[in-house]
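Architecture at a glance
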Amino acid sequence: MTGSGTGKTTVLLVDDEALIRAGLRAIIEAEPDLTVVAEADDGAEVLPLVRKHRPDVVLMDVRMPAVDGIQASRHIVATMADPPKILVVTTFENDDHVYDALRAGANGFLLKRTRPEDIVRAIRMIVSGESLLFPAAIRALAATHGGRDARGLAHAGLTEREAEVLRLMAAGMSNVEIAERLFVSVQTVKTHVGNVLAKTGARDRTQAVIVAYETGFVTPG
């Protein structure tokens, strides 16, 4: 998926600090396959810019003065049939605001101190949708909110293999890694992942893992 006629992955930057935006823009624009299409300094500007530019990825600050990244993420997911990938950018990885943004529909998160090469890698990874971003941190956040839904996932009707795939997804494995573990093709894994998302009602891998933890289907450790 690319939102420009050039075949590049397009990015919208959202942060109330101009210096942070400038740094991210420099990192992204240095890559031949990535480009920044717009910037915003508050979440209130995000939805109109997303509708105008149709970016592939939104790099979203969590804490902003008027409309924060949680609200902005929720608005995007709720009002768009084909929303962009949302990558939360934050200072603290154990911040409950990050978890709230993930629950609102963000696909993953980056720390502001992340190395430039890892920022670029994360953008490419989130577009592919085949693995989680910083799964250990996501798991730690999800674990603190576990057990909210006592029903587990019995109602989802997962097959034994689909349940196994979900556990491996929750462990942070990519489709390729899951395929290697289960001795099946990557396409077979993609089929299982698609079934897991459909049966759990999750929009993407991150949401599926959050559901798995919150229902107690997967537990820490």
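Keep in mind it's a predicted model, so treat the numbers as computed, not measured. (Residues numbered from 1 in each chain as written. Predicted model: local features only at pLDDT ≥ 70, side-chain atom pairs only at ≥ 80, totals over all residues. Heavy atoms only, no water.)

Relative to the elements of secondary structure, D15 occurs in the loop between β1 (9–14) and α1 (18–29). By relative accessible area, D15 is classed as buried at 2%. Here the side chain of D15 touches E17 through a polar contact of 2.8 Å, landing on its backbone nitrogen. One polar contact links D15 to K112, side chain to side chain, over a distance of 3.2 Å. With sequence-adjacent residues up to four places away left out, D15 is seen in contact with I20, R21, A40, D41, D61, M64 and K112. (Helix = DSSP H or I, 4+ residues; strand = E, 2+ residues; numbered from the N terminus. Buried < 20%, exposed > 50% of the residue type's maximum accessible area, 1.4 Å probe, protein only. Polar contact = N/O pair within 3.5 Å; in protein donor to acceptor, adjacent residues only side chain to side chain. Contact = heavy atoms within 4.5 Å.)

Tallying each qualifying case throughout the model produces 13 salt bridges. Residue D15 is joined to K112 by a salt bridge in which the shortest nitrogen-to-oxygen separation is 3.2 Å. One end of the pair, D15, is in the loop between β1 and α1; the other, K112, is in the loop between β5 (108–111) and α5 (116–128), and 97 residues separate them in sequence. On the basis of relative accessible area, K112 is assigned to the partly exposed category, the value being 25%. Here E214 and R103 are joined by a salt bridge, their closest N and O atoms 2.8 Å apart. Here E214 is found in helix α10 (residues 205–214), whereas its partner R103 is found in helix α4 (residues 96–104), with 111 residues between them in sequence. With relative accessibility at 39%, the residue R103 sits in the partly exposed group. Three or more residues joined by partner-sharing salt bridges are found here, namely R21, R25, E29 and E39. (Salt bridge = Lys/Arg side-chain N within 4 Å of Asp/Glu carboxyl O.)

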